[in-house]
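So you can see what is in the structure, the chains are spelled out below.
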Amino acid sequence: MVNVVLKEGVNWVGVVDWNLRDFHGYVTRRGSTYNAYLILDDKIALIDTVKSTFSNELIENISELTSFEKIDYIIVNHVEMDHSSSLPIIAKLAKNAKIMASQRGKDALIEHYGADFSRVETVKTGDELKLGKRTLRFLEAPMLHWPDSMFTYLVEDKILMPNDAFGQHLASSGRFDDEVDEHVLMEEAITYYANILMPFAPLITRKIQEVVQMGIPIDMIAPSHGIIWRKDPSKIINAYLNWSAGTAKQKVVIVFDTMWGSTDKMARAIADGVISQGVEVKLLKLRATDNTDVVTEILDAKAVVVGSPTLNNQMFPTIGSFLTYVTGLKPKGKLWSFFGSYGWGGGAVKGMVETAKKAGFEVYEPSVEVKYVPDNEDLKKCIEFGQQIAAKIKA
Ligand code: FEO
């Protein structure tokens, strides 16, 4: 392991998953990391573990710094298996260690790994653990990312370890924000926020406000995925405040799929209509663009226009998959509208509108539908439809 020191006595012992390309459906083109940290003081504490595929690497990393019987505490900030699935083997090796988690963390550990984990000790917001010169302070953070999630704050070092929050799926040789390309870093940070944390936007705003009100100084944010923010931790805090506030610009995302090109022609005409009003457009065809990237584009858009051909009286399967994904992520404050083509009987547009309304989305009606192939008159209607949507978001 390349020895990575955050501050004296605070060591990164995680692993880089260079070739991860799918994180439960989220396309991770730049891989990821599972960050774990070892704190060496009078007492020794391990903060989180890694995905079990990399257990051996974690064991080697820890062994280079201490022996397992000397570990006094294992802190479990989050039970999702990318952070906890090495815990059973690590807990066996670190046989003198107390395991600490939130109450919901303890419950989830038992449900994941069995009754052995009944011995987990629970902590709650404000609880502290003295390691010697250092103090760990805990802050429960339910739904960032799961009900069990919590943050660990190293008081004297001013390091916040918030697990999933402020992370990115980014494999790199550098471990810190000043060692990687800033543009790439922020691109992965926003993609991660949009695809993992977007449903919890109100909780994120509240949790950040809570941390700010606590007045705790933060020199470093060390999340469980990707790089550690040390150059300017406020950059990612401000970005989260902006994203969770739902700040959007005059931008329309048109997402569609097509069978024989009719819906494609309609999509292009709608885009022309939007652009003619001076509004930015992103035109994204599914099967060419992943749901992961579509959702990231939607984050700062004021309107989303979805187009589908009708197949067997229903929306196209890729559109069904996209709507399932995006309704789960609950993007707030967008205007949604729909269009599509059909042969002898429709169904796609009706199905899409119903799905959007059921999800509580604001739907702009009427929609535009074309039988078989759009003629010039149909395309004119599509251009006007785009103009109407642009006017709505400019109003
Ligand atoms: Fe990185 Fe919610 O686990």
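For clarity, every value in this text was computed on a predicted model and none was experimentally measured. (Residues numbered from 1 in each chain as written. Predicted model: local features only at pLDDT ≥ 70, side-chain atom pairs only at ≥ 80, totals over all residues. Heavy atoms only, no water.)

Peer 1: What exactly am I supposed to notice about the domain arrangement of the protein here?
Peer 2: Many descriptions give the size of an interface as the accessible area lost when the pieces come together. By the assigned domains, the protein splits into domain 1 (4-244) and domain 2 (252-394). Each partner contributes residues to the interface: domain 1 has 12 residues there, and domain 2 has 11 residues. When the two sides are added together, the surface that domain 1 and domain 2 hide from each other amounts to roughly 1100 Å², 62% of it contributed by carbon and sulfur. The largest contributions to the domain 1 side of the interface with domain 2 come from Asn-195, Met-198 and Pro-199, which together make up 47% of the buried area. (Domains from an automatic or database assignment. Contact = heavy atoms within 4.5 Å. Buried area = accessible area lost by both parts, 1.4 Å probe.)

Peer 1: Just checking my understanding: could you explain the pairing of strand S17 (residues 249-256) for this structure?
Peer 2: Every other side chain in a regular strand lies on the same face of the sheet, so the side chains alternate between the two faces. Counted residue by residue, S17 has 6 buried out of 8 residues, so it is predominantly covered. Pairing geometry for S17 and strand S19 (residues 301-311), over 6 bridges, is parallel. When the bridges of S19 are listed, Val-252 appears paired with Ala-303. A crossover links S17 with its parallel partner strand S18 (residues 280-285), the connecting element being helix H8 (residues 262-275), and its sense is right-handed. (Buried < 20%, exposed > 50% of the residue type's maximum accessible area, 1.4 Å probe, protein only. Helix = DSSP H or I, 4+ residues; strand = E, 2+ residues; numbered from the N terminus. Pairing = 2+ DSSP bridges. Right-handed = clockwise from strand over helix to strand, strands pointing away.)

Peer 1: Is there a simple way to think about the sheet that holds strand S7 (residues 37-40) in this case?
Peer 2: Sheet strands line up and pair through hydrogen bonds in the backbone, either parallel or antiparallel. Pairing is mixed across the open sheet formed by 7 strands, whose spatial order is S1-S2-S7-S8-S9-S10-S11. Lying at the two open borders of the sheet, with one neighbouring strand each, are strand S1 (4-7) and strand S11 (121-122). Inspection of the sheet shows strand S10 (residues 98-101) paired to S11 by 2 bridges, in the parallel sense. Bridge assignment links Ala-101 to a residue of S11, and that residue is Thr-122.

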